[in-house]
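Here are the chains, one letter per residue:
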Amino acid sequence: MRFLTYSLLLLAVLTTGTHYALAAEQDATESTALQQRALESRRFDGLTSKELMSASINVIQDMGFNVDEADAGLGTITASKSWAPDDPIGLRDGKDWLSIPSVGPLSLLSAAFETHRSYVKNFKQDYRASLVIKPIASAIPAGKAKQAKGKKNDSNKESDRLSDTKNFVVRIIFEKTSKLDANQQPTDTPLAYSETVKDPVLYQDFYDKLSKSVFLEAQKI
Amino acid sequence: MKSKTLTWALALFIALPACTTLNERILGDNNQSALAKRSYQSRLFATNADKVLRNVVSTLQDQDYVIERADKELSVVTASKASGISKTKITVTVRSKEKDQTIVRANAVKNFDQIEDPKFYQVFFNALAQSLFLEAQSID
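Since we're looking at a predicted model, the values are computed, not measured.

> Which residues make up the overall build of chain A, and what are the values?
The helix and strand tally for chain A stands at 6 helices and 6 strands. Starting at the N terminus and walking to the C terminus, you meet the elements of chain A as α-α-β-α-β-β-α-β-α-β-β-α. Within chain A, the proportion of its 221 residues that are buried is 42%. Excluding contacts between residues fewer than 6 apart, the proportion of contacts in chain A whose partners are at least 24 apart in sequence is 73%. In the structure as shown, chain A presents an accessible area of about 12,300 Å², 56% of it carried by carbon and sulfur atoms.

Structure representation (structure tokens):
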């Protein structure tokens, strides 16, 4: 009984990290496209397009992303970063855990652990952020600002050029791609699973950071 | 009986902190504030932005980086360097604070981790300063 408890404890320690995180991610929030757009957009006033782009790039850099594409004329930024699970035994560095002396005897249970070993060793997630700023021609009165936040308001017309205005709607989309390579080498057909991240908390946190960055930008820090 | 619950409690204690949530992975861990990060990732140069941007590109190339993307209007350059199994990717942005005051900000990622060691950025900015000095001294 005690052996069972301790072996289950060991199993929990070894596997919980990755599996728990993945299970939590698969709870996708159901929402329509419009709701999704509202989630992903926020309005920012008082900065020129260059300043807003600059603040956005700074926030993206704070988050550890690298900018892949940026276009000032269109107001778009694409950035990416990768993640692989932390593991206590050093699988991420490519070491074969079964060859570590203290763990050697466990190779008797290798069938179950073999699957786990290859899973953790070759698992990777890529994140892409795609940000667009869209100009809004007219400023809306302070009282109505809150209800227009994130929604497309008919009384706001889009101007033709980004430089005409100081009122923008920023929209960001985060995409997550999970990859499992059969070997360590990149393969032509890796097992990959991509999806847009739909967690409202993520977008709220991102826009909190962007608001702070916009403030710093206005202060020219 | 008591030791059994204790064991399970211990199991949870050990296992839970091992997972980072998806949001943390995307937004970046909060062990350093944005301001602290920007302070060691940025430098101010007393030159105009165009000159600085040109020198950023040449400095990166001097350090064996391959330029992947460069945008003049937004003054963003992304470059990467691969040595064996490790790959370092760096994004540098140049902003003009005033007419002859330029802020350069660099952020780099090595494999899967952000580079949070100020020394790495110090090396880059020293090389950039030297390049700007040399350009200022050259006869056009």
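> Hey, could you go over the packing of helix α3 (residues 49-62) of chain A against helix α3 (residues 34-41) of chain B for me, with residue numbers and the actual values?
Running from amino to carboxyl end, α3 of chain A crosses α3 of chain B at an angle of 95°, the nearest separation of the two axes being 10 Å. As far as their axial angle goes, α3 of chain B and α3 of chain A are roughly perpendicular. In this structure, α3 of chain A uses N58, V59 and D62 of chain A to contact α3 of chain B, whose residues at the interface are A34, K37 and R38 of chain B.

> Could you give an account of unusual backbone geometry, with specific residues and numbers?
All names here are of chain B. A positive phi angle, near 70°, is found at D64, a position not held by glycine. Checked against the element boundaries, D64 lands in the loop between α4 (49-62) and β2 (66-71). A relative accessible area of 61% places D64 in the exposed class. In this structure, S75 takes a positive phi of about 55° despite not being glycine. Residue position: S75 is located in the loop between β2 and β3 (76-83). A relative accessible area of 12% means that S75 is categorised as buried.

> Outline the nonpolar core, listing residues and values.
Core analysis: the largest hydrophobic core is formed by 38 residues, its most contacted members being F65, F174 and F206 of chain A. Elements supplying a minimum of two residues to this core: α3, β2 (66-71), β3 (76-83), β4 (123-135), β5 (167-180) and α6 (200-218) of chain A together with α2 (22-27) of chain B. Among all residues touching F65 of chain A, those that are not within four sequence positions of it are I60, A79, S80, K81, Y127, R128, A129 and F174 of chain A together with I26 and N107 of chain B. Judged by nonpolar contacts, the second largest core, of 22 residues, contains V94, A106, I115 and L128 of chain B.

> For the pattern of salt bridges, give the residues involved together with the corresponding values.
All told, the structure shown has 11 salt bridges over all chains when counted by the stated rule. In this structure, R38 of chain B engages D62 of chain A in a salt bridge whose closest nitrogen and oxygen atoms are separated by 2.8 Å. In this pair, R38 of chain B is assigned in helix α3 and D62 of chain A in helix α3, connecting two distinct chains. With relative accessibility at 9%, the residue D62 of chain A sits in the buried group. E217 of chain A is the partner of R95 of chain B in a salt bridge, and the nearest nitrogen-oxygen pair spans 3.4 Å. Placement of the pair is R95 of chain B in strand β4 (residues 86-98) and E217 of chain A in helix α6, with the two residues belonging to separate chains.

> So what's going on with the confidence of the model for chain A? Which residues, and what values?
Regions with low pLDDT should not have their predicted coordinates read in detail. Averaged over chain A, the pLDDT score is 71; the fraction of residues at 70 or greater is 57%. Note on residues 16-29 of chain A: pLDDT under 50 across the span, and 24 contacts to partners over four residues away in sequence or across chains.

> Explain the interface of chain A and chain B residue by residue, including any values.
Much of the literature gives interface size as the accessible area that the parts lose upon coming together. Each side of the interface is counted separately: chain A has 54 residues, and chain B has 43 residues. For the pair chain A and chain B, the two sides together bury roughly 4,300 Å², of which 57% comes from carbon and sulfur. Three residues, Q61, D62 and N66 of chain A, lead the burial of chain A against chain B; their summed loss comes to 15% of the area buried on that side. Of the charged contacts, one joins R105 of chain B and D62 of chain A as a salt bridge, the two residues approaching to 2.7 Å between their closest N and O atoms. Here chain A is connected to chain B by 23 residue pairs in polar contact (both at pLDDT 80 or more). For the side of chain A that touches chain B, the secondary-structure elements that each account for two or more residues are α1 (2-25), α3, β2, β3, β4, β5 and α6 of chain A. For the side of chain A that touches chain B, the leading source of residues is α1 of chain A, giving 11 residues.

> I'd love a proper account of the side chain of Q41 of chain B, names of residues and values included.
Tracing the backbone shows Q41 of chain B in helix α3. Sequence-distant contacts of Q41 of chain B, defined by excluding residues within four places in its chain, comprise V104, R105, A106, N107, I115, Y121 and F125 of chain B.

> I'd like a rundown of α3 of chain A, residues and numbers included.
Three or four residues apart is the spacing at which side chains of an α-helix point the same way, because the helix has 3.6 residues per turn. Residues and elements named next belong to chain A. With 14 residues, α3 extends 20 Å between its outermost C-alpha atoms, agreeing within 8% with the 20 Å of an ideal straight helix rising 1.5 Å per residue. When we look at burial in α3, the residues that qualify are S49, L52, M53, S54, A55, S56, I57, N58, V59, I60, Q61 and D62. Immediately downstream of α3, the backbone of G64 shows phi near 90°, a positive value.

What counts and what doesn't
- Residues numbered from 1 in each chain as written.
- Chains lettered and ligands numbered in written order.
- Predicted model: local features only at pLDDT ≥ 70, side-chain atom pairs only at ≥ 80, totals over all residues.
- Heavy atoms only, no water.
- Helix = DSSP H or I, 4+ residues; strand = E, 2+ residues; numbered from the N terminus.
- Buried < 20%, exposed > 50% of the residue type's maximum accessible area, 1.4 Å probe, protein only.
- Contact = heavy atoms within 4.5 Å.
- Areas by Shrake-Rupley, 256 points an atom, 1.4 Å probe, with all protein chains shown as cover.
- Axes fitted to C-alpha atoms, helices over the stretch in contact; angles between N-to-C directions.
- Parallel < 35°, antiparallel > 145°, perpendicular 65-115°, else oblique.
- Core = buried A, V, L, I, M, F, W, Y, C linked by side-chain atoms within 4.5 Å.
- Salt bridge = Lys/Arg side-chain N within 4 Å of Asp/Glu carboxyl O.
- pLDDT = per-residue confidence, 0-100.
- Buried area = accessible area lost by both parts, 1.4 Å probe.
- Polar contact = N/O pair within 3.5 Å; in protein donor to acceptor, adjacent residues only side chain to side chain.
- Expected span 1.5 Å × (residues − 1).

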